[in-house]
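What the coordinates show
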Amino acid sequence: MSATTTLTLTGARVIDPATGRDEIANIVVDGERIAAVGDDSAGLRLDCDGLVISPGLVDLHVHLREPGGEDAETVASGTAAAALGGFTAVCPMANTEPVADHAAVIEQVKQLAVAAGRCDVHPVGAITQHLAGERLAELGAMAAVGVRCFSDDGIPVGSAQVLRRAMAYARTWDAIICNHAEDPALVAGGTANEGGVAARLGLPGRPHEAEEVMIARDLLLAEGLGARLHIPHVSTARAVELIREAKQRGVRVTAEATPHHFTLTEDLAGDFDAVYRVNPPLRTAADVRAIRAGLAEGTLDAIATDHAPHAPEHKEQEWGHAPPGMVGLETALAVTLTELVFPERGEPTLTLPQAVRALSTAPARSRDIDGHGGPLEPGAPANLCVFDPQAQWTVQPGVLVSRSHNTPFAGRTLRGRVVHTLLRGRFTVHDGELTDEADPDDGDGEPAVSGNLHHTGLGPVAQPPPAGPTPAEPGATASAPHASIAGQERAGG
Amino acid sequence: MITHLLSMEDLDAEQIGHILDTAEGFRDIALRPVKKVPTLRGRTVCNLFYEDSTRTRTSFELAAKRLSADTLNFSAKGSSVSKGESLKDTAQTLEAMGVDAIVIRHEQSGAAQTLTRFVQARVLNAGDGWHQHPTQALLDLFTVREHVGRLAGLNVAVVGDVLHSRVARSVVQGFATMGANVTVCGPPTLVPASAPSWGCEVTYDLDGLLARTDVLYLLRVQRERMTEQFFPSSREYARIWGVGRDRLARLPDEAVVLHPGPMNRGVEVTAEVADAPNALITAQVTNGIAVRMSCLYLMLGGEQAAPAEPVTQATTAEEVAAR
């Protein structure tokens, strides 16, 4: 990288929940850091009129599949998807092959991410060796390389004793325990929410009580120890109540909700299309309402994707044979804006600042991820998400940058598009397209990624966007706005 | 008339009636010295069986053969499936060979519907997981109509392991669609709480049900449900929900007893009941062939001449048989 470049993002609505700022302002980026927020301007100007600038988004729960599952995703392709989704930090889960139950795998994943250069990763370490739920993994070795959260991912630690010991032991570093909340015996063999839909379809059920008894147990254990607990992908109404009560008692608990759990319901199992199979399963409309209410009141701190790529040959199977999970990095912001902030019908669930808090500030704080989630102030790393809250686009699975296309939102028209993502002052996404710093799919012979967003209305820099709802006019004043994207030939420059 | 036959939910009373009427024509073919009609000559029907099944596979094979279709049997065991081939690849391989219809039996609910996404061929669900077994329900409806003379208004009791039974879902919906009053009965652990949404009532009290039952439909209770703690022992199951001589005697005189087989004699049904004069279990098997001929005919042959014609104008089986 050449000499430090100064750039001003001008005229955007800056939303920074960490400081409470929500106003039209310029952000001056000098090298890796924010130099000023306000009326100042310096260096190259990039017109962001009509756009929103927020801290880069932070995802507490993703699967990057590497090592071991590179047919479905790699660290490079997954972090490219993250960047296109506006994320600057993601937390990949430990269920790789080999399992991230020792420092070497953690280091490997971090190095792959550094090499790809598109998004910070903060790997989650396993609680138990081989995710077997029996013997503790060497949490200390992983903590020493920066791990702040431990989880056996989709495999719940069934033994209350093992989980309690892990919680107690993790207090050495005040680290966080995250336990998949479904009682293993109650969900054994289950593939869909237990209830009328599953009964009619002859699908073995996963009762909501399985989630609730596990959360209740884990909350009690954490409360007794003063341990930090994070509850992943909350999906039932009663679970939200349990967490609310625990927070009122002062339990050190945080919780996340996924876009699919706050938008989709169990009825989607009706055609046995395994793209809708996920754990915990899609629940009822009442549960969706409760999850939304939980986000609105802050009982559920964060929106996390549980981005779970699966290769087509695995998802195009019989419902019961297909692995559970959905991709989500490239749609999370837009689904949140479309469903929660700007719903076509009904009252909004979240204000725009609340949505930014749930997608960025709250997850960063809940996992001690410094430098992300704001505050956007002089001296802070320039980790930024610049998005157009008006622009509409249609989800086309085939053009997702993730190696896997198992999105439950295929064909949906969503509102809200990421225009730029900056990681420490460097554009990872510019004008809706990945910058060509790295090729996320190197090795498989496919052409370098082109943005899903490229097809959806925002033209290249030199061409003003067509008349329409988008007020973005990124072309006029931008000219090779940063040294790091100098490789991109831009006609407007 | 039918593109795919996946679930009894897809059929209305008129369609079911037409399938049964058509089956009547085919039933008589079995009584002739030459048990064959040329209806599906040149068509190919594949039995794609991922689960062991003697009676259903044989019944479909005979049905297709009596319609002069070419048949091939593809069972998962000892085939490319046991080498890890996916349903999609297997299905597309079969289709590439020119198969017109695939009869699929699979241990996974929804597999038949999943198959329709992979092939152009007609798909007939011969049992998928716990989900549906529509030809079983159709042959049961046919058998009851044949012996009792009607379906509407009958009181039908479906007893046993409803939760894990594809037969239960199909039979309950089939009888309910035809205007019967259906009650499901069994241990609460084996009856889904949402069963009333299938158009039936639920009771756990078999003895209270018997005196007002016209059709007693006993479901197979697999012994492994006992080890899974759905009930404590097969002896206790038999005592509370099994049907033996005493309970048989408390049925109305004209009541009939059905069972889809294979039976667990001594659990849900005793030998005396299975062999009783009003048990229609053998008739169910016999009628299975005619009903499956009817389904294959309506899926593959009926609309060949006039694809756009509505159901009621389709050529009757009797006319076809007479050709």
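All figures in this text were calculated on a predicted structure; none of them were measured in a lab.

Residue and element names in this part refer to chain A. Structurally, chain A comprises domain 1 (6-54 + 378-485) and domain 2 (56-366). Taken together, the contacts link 40 residues of domain 1 with 45 residues of domain 2. Elements that contribute at least two residues to the side of domain 1 that touches domain 2 include exactly β5 (52-55), β16 (384-394), β17 (413-423) and β18 (426-430). With seven residues, β17 is the single largest residue contributor to the side of domain 1 that touches domain 2.

Residue and element names in this part refer to chain B. Spatial strand order, β7-β6-β5-β8-β9: five strands in an open sheet with parallel pairing. This sheet does not close on itself; its edge strands, each paired only once, are β7 (201-203) and β9 (256-258). The sheet shows a mean angle of 20 degrees between the axes of neighbouring strands, direction not considered. Bridge count for strand β6 (residues 181-185) against β7 is three bridges, and the pairing is parallel.

All right, on to the pairing of strand β8 (residues 215-218) of chain B then. Residues and elements named next belong to chain B. Burial along β8 is two-sided: the face carrying V215 and Y217 and the face carrying L216 and L218 are both buried. One ladder, built from four bridges, connects strand β5 (residues 155-159) with β8; its direction is parallel. Residue V159 lies in a different strand from β8, and its bridge partner there is L218. Across three bridges, β8 lies against β9 in parallel orientation. Residue pairing for β9: V215 is matched across the bridge by V256.

Here the focus is the interface of chain B and chain A. Listed per partner, the contact involves 20 residues of chain B and 16 residues of chain A. Counting only elements with at least two residues in the side of chain B that touches chain A, the list comes to α3 (87-96), α4 (111-116) and α6 (166-177) of chain B. Element by element, the count of residues in the side of chain B that touches chain A is highest for α4 of chain B, at three residues. A breakdown of the residues in the side of chain B that touches chain A according to their chemical character gives six nonpolar, eleven polar and three charged.

As a general rule, the predicted coordinates of low-pLDDT regions are not to be interpreted in detail. A residue-level look at chain A finds 88% of positions with pLDDT of 70 or above and a mean pLDDT of 90. Segment residues 439-493 of chain A: pLDDT under 50, and 122 contacts once partners within four positions in sequence are set aside and those in other chains are kept.

Residues and elements named next belong to chain A. Pairing is parallel across the open sheet formed by five strands, whose spatial order is β9-β10-β13-β14-β15. At either margin of the open sheet sits one strand with a lone partner, and together these are β9 (149-151) and β15 (302-303). Across three bridges, the pairing between strand β13 (residues 228-231) and strand β14 (residues 253-257) is parallel. Bridge assignment links H230 to a residue of β14, and that residue is T254.

Turning next to the nonpolar core. Burial of nonpolar side chains together is a common tendency in soluble globular proteins. Core analysis: the largest hydrophobic core is formed by 249 residues, its most contacted members being F150 of chain A together with I102, V158 and L296 of chain B. Among the elements that line this core, the one with the most residues is helix α12 (residues 281-301) of chain B, at ten residues. When neighbours within four sequence positions are excluded, V158 of chain B is seen to be in contact with A168, V171, V172, V182, V184, Y217 and L219 of chain B.

With that settled, the discussion passes to unusual backbone geometry. Residues and elements named next belong to chain A. A cis amide bond, omega 5 degrees, links E97 with the succeeding residue P98. As for its position among the elements, P98 is in the loop between β7 (87-92) and α2 (103-116). In this chain, N279 is followed by P280 through a cis amide linkage whose omega measures -15 degrees. Along the chain, P280 turns up in the loop between β14 and α9 (285-297).

A separate point is the domain arrangement of chain B. Residue and element names in this part refer to chain B. The domain architecture assigned to chain B consists of domain 1 (8-133 + 283-322) and domain 2 (134-280). Using only C-alpha atoms to locate each centre, domain 1 and domain 2 end up separated by 26 Å. For the side of domain 1 that touches domain 2, the elements supplying multiple residues, two or more each, are α1 (13-27), β4 (122-128) and α12. The leading source of residues in the side of domain 1 that touches domain 2 is α12, at seven residues.

Thresholds applied
Residues numbered from 1 in each chain as written. Chains lettered and ligands numbered in written order. Predicted model: local features only at pLDDT ≥ 70, side-chain atom pairs only at ≥ 80, totals over all residues. Domains from an automatic or database assignment. Contact = placed C-beta atoms within 7 Å. Helix = DSSP H or I, 4+ residues; strand = E, 2+ residues; numbered from the N terminus. Pairing = 2+ DSSP bridges. Axes fitted to C-alpha atoms, helices over the stretch in contact; angles between N-to-C directions. Buried ≥ 20, exposed ≤ 12 C-beta atoms within 10 Å, placed from the backbone. Nonpolar A, V, L, I, M, F, W, Y, C, P; charged D, E, K, R; others polar. pLDDT = per-residue confidence, 0-100. Core = buried A, V, L, I, M, F, W, Y, C linked by C-beta atoms within 7 Å.

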